[in-house]
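# Understanding the architecture of this molecule
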Amino acid sequence: MALTNSTSGKVIRDYSIEHLKDAANLMRGYDLVALHAAGSGHAGGTLSIMDITAALYLKIANHDPQNPNWVGRDRIIWSTGHKAPSLYLGLAFAGFCPVDDVVTLRKLRSPYQGHPHWLKLPGVEASTGSLGQGLSIAVGLALAARLDDKNHKIFCIMGDGEQQEGQVWEAAMEAGHYKLDNLIGIIDCNRLQIDGWVKDVMDVEPLAAKYGSFGWDVLRIDGHDMNQVVDVLEQAKAVKGRPVVILADTVKGKGVTFMEDQAGWHGKTPNYEELTRGLQELGLSEQIPVQALLDKAKNYQAEVERKLEAKMPKFTRNYWWNAGDTMKVKMEPTRKGFGQSLAENGGDERVVCLGLDISGSITISDFYAGKPERKERWISMGIAEQSATSAAAGLAREGKLPVLGTYATFAAARNLDQIRTSVCYGNFNVMIAGAHGGVSVGPDGATHQALEDLFAMQGLPNMSVVVPCDMVETRKATNYLLLQHKGPKYIRFAREATPIVTDEKTPFVFGQANVIRLRREGSGFLEAFETVLASSYKNEDEHLSIIACGPMVPEAMRAAYILKKEFGYETRVLNLHTLKPIDADAIVRAAQETGVVVTAEEHQIGALAWRVSNLLTESPQLYGLPVITGAIGVKDRFGDSGAPWELIKEFEVSAEHIAHKAAELMAFKKKWSEEKREEREHLFYAGMR
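Remember, predicted model here, so these are calculated numbers, not experimental data.

## Thoughts on the overall build of the chain
Counting its secondary structure elements, the chain contains 23 helices and 24 strands. Taken over the C-alpha trace, the chain has a radius of gyration of 28 Å; the compact-globule value for 689 residues is 26 Å, and the two agree within 12%. The principal-axis extent of the C-alpha atoms belonging to the chain is close to 95 × 55 × 50 Å. Across the 689 residues of the chain, 59% fall into the buried class.

Now the structure itself:
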């Protein structure tokens, strides 16, 4: 059986091999269109897995599109979550959702998230995206089926690079130990990952021998031969007493010649010319309504933008970045500063950089780019954050200066126990880069958006935490942390291009905040502000203070500009680039001298706000003084797919939101002050009587 009416038990449609071939080809075409419309995503792997997708969803797996939660259905887990478009098209072609809707892929509030989320789209069995976890989920599903005496199958789709994650082998051991014959693993062996050939990054072969040693039946096929795909899946379903893994040899980018076997197409999408050429090669130029689909995506996006603008705080004019004729700002990705520092300082023989498969994206590979003499100090660890973290501790124990980095959510969460025990407990000199922090990975969605990492890092004894505000400050911070600071250190920076608001003359002193003051409106944004060390700043009797870190510092500066133009308020902006150790004196002075404090963080509210609030409540200098506080940040929610600047608006962390909150607090301050004045006058006249 396959597509089944769960009520009658009848097969809805039985696909022939030729029909499956045609469906897989058509899925590839829709995949290209959806990826083009999204402007981001993963072309290579979605194309390599598509034949297996068609076979699973249209012929092999028992499921009912009219009853997605049918208890008797087979379960399909996509551990390799970045191939989500393939999953969505499998569901769409099976009838779970409209095929045309997949073109809203990766757009804000779309159920077709950058990585699958089971609460948003019926037919998705589990939310995945952090590699290496899906097989463990599948083991749990298989154990539950056994406990409930059910005979359905659980399929788990993985990548070959994903086999570098240690958790995969824990799950493989468990499945073999419990002889889970209702579990079928499928590995898309396209031989490529982000950093290059799997065998060069971190060789995982011989997979057949490894899985066999754990008690699995191992079957190997050509993953693009539909006869073999269908036969091996049917064969796997019949195996008794052992779990089964299918090693499907595939070609990354299959079906589009200029994408095939190219690592660069792992996380790349086609432009319009490439889309047109790809559809021609697939023989689909006349079969897919490309323009209608792109119009649908465009209209969806327009509605998203309309709703976003409707919820934004309104002022007398548009203050958005570079929207006016003045206050222009240059933007660069903060990650570039990290790479520049490693390139500049990597000549120190103690520096060792550990690659974790997104090396070019986070710029850690700049350490050795064009410098072959450093290559021996470049150690590729593959997709293995936990082991790499402890290995870094070992390197540090022997006097090396290890640097490792990946997406912040994997750099500070996947490996948290290793950071705590291997690095911090021993107080080792390890530098961890939490790249693409906050919402800056945008369309990848919640699994890749680090909105909780600063809680964890600040909570670790011995750990220092730095969150620079722009590319220039990121380079300065990396320079200091790499060669001068001793002990565990975590630096968090964004992926997206953000405003440059510092220059070479701007002070950067680890552990000391900067005060930023708007001085004039001019042609350039940077030149309109003055920045000094907080320790040398003289009180100017500002109306309020905004305390910010990371990409929220430019937003706080823009909020100060809005508050000046709209209300005449003078604002003290504190750039708290070092969160731990925190500059308590600067924070207490700001509260004492202005009476209103707003914190701004691109993170769940609390990493900055709670630390500031704690200082304010415990400081003797503030006892008896009224201090009004407010917090801007993510409000206890997971992320969403969408463009990074859209998410700044969606999560309500833009300058407009900061200014709106500040204006609310100032209105309360004025009201409170007036009430106190009237109370004093009443008491005075009462005394006169």
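So, next bit.
## As for the nonpolar core
Leu56 and Leu233 are the most contacted members of the largest nonpolar core, which has 72 residues in total. In terms of residue count, helix H1 (residues 17-38) provides more of this core than any other element does, eleven residues in total. Beyond its immediate chain neighbours, meaning those up to four positions away, Leu233 contacts Ala55, Leu56, Ile60, Phe155, Ile186 and Ile246.

## Considerations on the environment of Gln621
One can find Gln621 in the loop between helix H21 (609-618) and strand E24 (628-634). Taking C-alpha positions, Gln621 is 45 Å from Ala343, a pair spaced 278 residues apart along the chain. In contact with Gln621, other than residues within four places in its own chain, are Val588 and Gln592. A polar contact of 2.7 Å, which involves the side chain of Gln621, links it to the side chain of Ser619.

## Observations regarding the sheet that holds strand E12 (residues 378-380)
The mixed open sheet is built from seven strands, whose spatial order is E12-E11-E13-E14-E16-E15-E22. At either margin of the open sheet sits one strand with a lone partner, and together these are E12 and strand E22 (578-580). Between one strand and the next, the sheet's axes are offset by a mean angle of 20 degrees, whatever the strand orientation. The pairing of strand E15 (residues 464-466) with strand E16 (residues 489-492) spans three bridges and is classified as parallel. Residue pairing across strands places Ser464 opposite Lys489, the latter belonging to E16.

## Some details on the packing of helix H3 (residues 50-60) against helix H4 (residues 84-94)
The contact between H3 and H4 brings their axes to 9 Å, and the two run at 35 degrees. Crossing of H3 over H4 shows right-handed handedness. Residues Met50, Thr53, Tyr57 and Leu58 of H3 touch H4, and the partners they reach there are Ser86, Leu87, Leu89, Gly90, Leu91, Phe93 and Ala94.

## Considerations on the packing of aromatic side chains
Counted according to the given criterion, the structure contains 17 aromatic pairs. An aromatic cluster is present here, built from Trp169, Tyr211, Phe214 and Trp216 joined pairwise through their rings. Directly above the ring of Tyr15 sits Arg13, whose terminal nitrogen or CZ lies 4.0 Å from the centroid. The side chain of Lys649 reaches across the aromatic face of Trp320, ending 4.6 Å from its centre.

## Comments concerning the sheet that holds strand E20 (residues 544-548)
The sheet built from six strands is open, its strands ordered E19-E18-E21-E20-E23-E24 with mixed pairing. The open sheet has two edge strands with one neighbour each: strand E19 (529-533) and E24. Averaged over neighbouring strand pairs, the angle between their axes works out to 20 degrees when direction is ignored. Where strand E18 (residues 514-518) meets strand E21 (residues 571-575), three bridges bridge the pair, whose relative direction is antiparallel. When the sheet's bridge partners are listed, Asn514 is paired in E21 with Asn575. The sheet contacts of helix H19 (residues 552-567) involve E18, E19, E20, E21 and strand E23 (596-604), and relative to E20 the element is tilted by about 160 degrees.

## Re the side chain of Asn182
Tracing the chain through its elements places Asn182 in the loop between helix H6 (166-177) and strand E5 (183-189). At 3.0 Å, the side chain of Asn182 and the backbone oxygen of Ala142 are in polar contact. Sequence-distant contacts of Asn182, defined by excluding residues within four places in its chain, comprise Ala142, Ala145, Arg146, His152, Lys153 and Ile154.

Parameters at a glance
- Residues numbered from 1 in each chain as written.
- Predicted model: local features only at pLDDT ≥ 70, side-chain atom pairs only at ≥ 80, totals over all residues.
- Heavy atoms only, no water.
- Helix = DSSP H or I, 4+ residues; strand = E, 2+ residues; numbered from the N terminus.
- Rg over C-alpha atoms; globule rule 2.2 N^0.38 Å.
- Buried < 20%, exposed > 50% of the residue type's maximum accessible area, 1.4 Å probe, protein only.
- Core = buried A, V, L, I, M, F, W, Y, C linked by side-chain atoms within 4.5 Å.
- Contact = heavy atoms within 4.5 Å.
- Polar contact = N/O pair within 3.5 Å; in protein donor to acceptor, adjacent residues only side chain to side chain.
- Pairing = 2+ DSSP bridges.
- Axes fitted to C-alpha atoms, helices over the stretch in contact; angles between N-to-C directions.
- Left-handed = near helix turned anticlockwise from the far one by under 90°.
- Phe/Tyr/Trp six-rings, centres within 6.5 Å; stacked < 30°, edge-to-face > 60°.
- Lys NZ or Arg CZ within 6 Å of the ring centre and 35° of its normal.

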